[in-house]
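Here are the chains, one letter per residue:
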Amino acid sequence: MLQAISLSKQYQSFRALDNLNLEIKAGEVFCLLGQNGAGKTTTINLFLGFTAATSGKALVNGQEVVPGAAATRRHIAYIPEVVMLYEQLSALENLDYFSRLAGFIYSQAQLSAFLLRCGLHEEAHRRALKGFSKGMRQKVGIAIALAKDASAILMDEPTSGLDPRATDEFTRLVLELGRQGKSVLMATHDIFNAVSLGTHIGIMRRGQLIHTLNASDINAGDLQKLYLQTI
Ligand SMILES: Nc1ncnc2c1ncn2[C@@H]1O[C@H](COP(=O)(O)OP(=O)(O)OP(=O)(O)O)[C@@H](O)[C@H]1O
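Cut-offs applied
Positions within a chain are numbered from 1, following the residues in the order the chain's sequence is written. With pLDDT at 70 or above as the cut-off, local features in this predicted model cover only qualifying residues; side-chain atom pairs require 80 or more to be listed or tallied, and sums for whole chains, interfaces and linings still use all residues. The score called pLDDT rates the predictor's confidence residue by residue, from a low of 0 to a high of 100. Here, nearness is defined through the C-beta atom: a residue counts as near a molecule or strand if that backbone-placed atom lies within 6 Å of it. We count a stretch as a helix when DSSP gives it H or I for four or more residues in a row; a strand needs E for two or more, and each element gets its number in order from the N terminus. By definition, two strands form a pair when at least two bridges between them are found by DSSP. Axes, fitted as lines to C-alpha atoms, cover a helix only where it is in contact. Angles between the N-to-C directions of the axes lie from 0 to 180 degrees. Here the word oblique covers every angle except those under 35 degrees (roughly parallel), over 145 (roughly antiparallel) and from 65 to 115 (roughly perpendicular). Note on convention: near helix rotated counterclockwise from far helix by under a right angle means a left-handed crossing. Clockwise means right-handed. We call two residues in contact when the distance between their C-beta atoms, placed using the backbone, is within 7 Å. Exposed residues have 12 or fewer other C-beta atoms within 10 Å of their own C-beta, buried residues have 20 or more, and partly exposed residues fall in between, where C-beta atoms are placed from the backbone.

**With respect to the confidence of the model for the chain**
Piece 1. On average, residues of the chain carry a pLDDT of 94, and 100% of them reach 70 or more.
Piece 2. The ipTM for the predicted assembly is 0.92, set against a pTM of 0.92.

**Description of the site of the ligand**
Piece 1. Around the ligand, the neighbouring residues are Tyr-11, Phe-14, Ala-16, Gly-34, Asn-36, Gly-37, Ala-38, Gly-39, Lys-40, Thr-41, Thr-42 and Ala-187.
Piece 2. Listed by contribution, the elements that provide at least two residues to the shell around the ligand are strand S2 (14-24) and helix H1 (40-48).
Piece 3. A total of three residues in the shell around the ligand trace back to one element, the largest contributor, which is H1.

**Some points on the pairing of strand S1 (residues 2-11)**
Piece 1. Direction of pairing for S1 relative to S2: antiparallel, over a ladder of seven bridges. Within S2, the residue paired with Leu-2 across the bridge is Ile-24.
Piece 2. Linkage of S1 to S2, two consecutive antiparallel strands, is achieved through a turn of two residues, within which Gln-12 is found at a positive phi near 45 degrees.
Piece 3. As judged from the five bridges shared by S1 and strand S4 (residues 55-60), these two strands associate in the antiparallel manner. By the bridge assignment for S4, Gln-3 is matched with Leu-59.

**Brief notes about the packing of helix H3 (residues 108-117) against helix H4 (residues 134-147)**
Piece 1. With their axes 8 Å apart at the nearest point, H3 and H4 run at an angle of 125 degrees to one another. It follows that H3 is oblique to H4 by the angle criterion. Judged by the twist between their axes, the crossing of H3 over H4 is right-handed. In contact with Phe-114, Leu-115 and Arg-117 of H3, H4 contributes Ala-143, Leu-146 and Ala-147.

**Comments concerning unusual backbone geometry**
Piece 1. One non-glycine residue with positive phi stands out, namely Asn-61, at about 50 degrees.
Piece 2. Following the sequence through the fold, Asn-61 ends up in the loop between S4 and strand S5 (63-64).
Piece 3. On the basis of neighbour counts, which here come to 15 C-beta atoms within 10 Å, the residue Asn-61 falls in the partly exposed class.
Piece 4. The phi dihedral of Asp-149 is positive, around 60 degrees, even though this residue is not glycine.
Piece 5. Topologically, Asp-149 is positioned in the loop between H4 and strand S7 (152-156).
Piece 6. The exposure class of Asp-149 is partly exposed, given the 14 C-beta atoms found within 10 Å.

Okay, structure coming up:
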């Protein structure tokens with residue numbers, strides 16, 4: 001579970017995140033919308049412990065995030081906009097390496113099974129990552145998250161630049177993560193995608209979370225209207 005309690009981040013005189021209160025339970029996919037600079041990445045960075053909160057708390061499974069400390073990091077996986085892994089290593093080698101770092105040793109068959117579950121075809125498993133598309137890299141990134149047994153997955157603009165087919169595959173994969181009981185927090189500009197894969201949607205403006213909605217209560221057209229009125 002992910003929780004933000006009065007979470008704020010100040011850069012000199014600029015308030016990048018202002019008193020964020022948020023809860024993402026197991027099985028929930030929370031899509032955070034907002035213009036450039038609204039505070040989405042700052043929120044993700046605070047949960048990852050990449051930066052320290054000015055006030056308030058970010059909690060992972062009830063434990064406060066402390067920058068640099070490993071306690072909450074092991075429950076979390078991060079899928080950035082472009083998943084950067086070891087380019088010379090194959091998908092299997094990358095997955096094996098990162099699983100070992102997280103304390104898990106899997107057989108080749110188990111590693112392959114994670115990649116297949118994430119939709120990476122078998123012929124790609126032994127290929128070096130340097131030739132992978134953005135969508136293929138995301139599949140490896142999500143396989144790493146599954147292999148690490150992360151209960152929370154944070155994603156920053158994961159669908160930007162994906163073609164419609166890769167976006168569709170990605171959507172199915174995220175829905176599956178939700179069914180498996182993961183808590184997913186995703187920063188996105190894609191309103192249509194937020195409605196199709198989110199269970200909850202938040203709209204941010206200038207560091208504040210202005211609206212929180214159940215995705216089942218709104219369609220893409222109405223969400224777009226609300227978004228444009230809000231920002
Ligand atoms: N290290 C920093 N020092 C000063 N200001 C920062 C720093 N990091 C972020 N900011 C500012 O905080 C604000 C929020 O940035 P953030 O990256 O969270 O926005 P975002 O919603 O993720 O935007 P985008 O959609 O462009 O990724 C921005 O105005 C940004 O310039």
